[in-house]
Amino acid sequence: QVQLVESGGGLVQAGGSLRLSCAASGSIFRVNEMGWHRQAPGKQRELVATITSGGTTNYADSVKGRFTISRDNAKNTVYLQMNSLKPEDTAVYYCNADVVRRAGIRTAPWGQGTQVTVSS
């Protein structure tokens, strides 16, 4: 099995920064694209950022210039550096990954989520 565990969320004032981490563990053969989504109360889960195994990134327009996604392939970990945070960034942030297990099975697990709250 493959598990993703997020960490780094918390309460921060507008304009502040947080760094989220998500580590994948388990029976992993290869981790392809990794990414972050977020879900605010009463809203749909939305894409925040993705990064391929080669380092190509993609961002939602709402976070471009403020958030940076990166990864450490040796640690099977993806990060999200969030700067200039706004109250509208408040949400539960979830990581996900496109994973090939050692058994050759492709799976796309999600983490449990980490709360980010930005106060005005």
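Residues numbered from 1 in each chain as written. Predicted model: local features only at pLDDT ≥ 70, side-chain atom pairs only at ≥ 80, totals over all residues. Heavy atoms only, no water.

Draft legend 1. Summary view of the pairing of strand E8 (residues 77-82). Burial of E8 is extensive: five of the six residues sit out of reach of the surface. Judged from the six bridges that link them, strand E3 (residues 18-26) and E8 form a sheet pairing that is antiparallel. Counted as the bridge partner of Ala 23 is Thr 77 from E8. Two elements, strand E7 (residues 67-72) and E8, share six bridges in a ladder whose sense is antiparallel. Its bridge partner lying in E8, Phe 67 is registered against Met 82. (Buried < 20%, exposed > 50% of the residue type's maximum accessible area, 1.4 Å probe, protein only. Helix = DSSP H or I, 4+ residues; strand = E, 2+ residues; numbered from the N terminus. Pairing = 2+ DSSP bridges.)

Draft legend 2. A look at the state of the cysteines. As enumerated under the stated definition, the model contains one disulfide in all. Residue pairing for Cys 22: its cysteine sulfur links by disulfide to Cys 95, the two sulfurs lying 1.8 Å apart. Disulfide Cys 22 to Cys 95: torsion about the S-S bond roughly 45°, handedness right-handed. Here Cys 22 is found in strand E3, whereas its partner Cys 95 is found in strand E9 (residues 91-101), with 73 residues between them in sequence. Residue class for Cys 95 comes out buried when judged on its relative accessible area of 0%. (Disulfide = S-S within 2.5 Å.)

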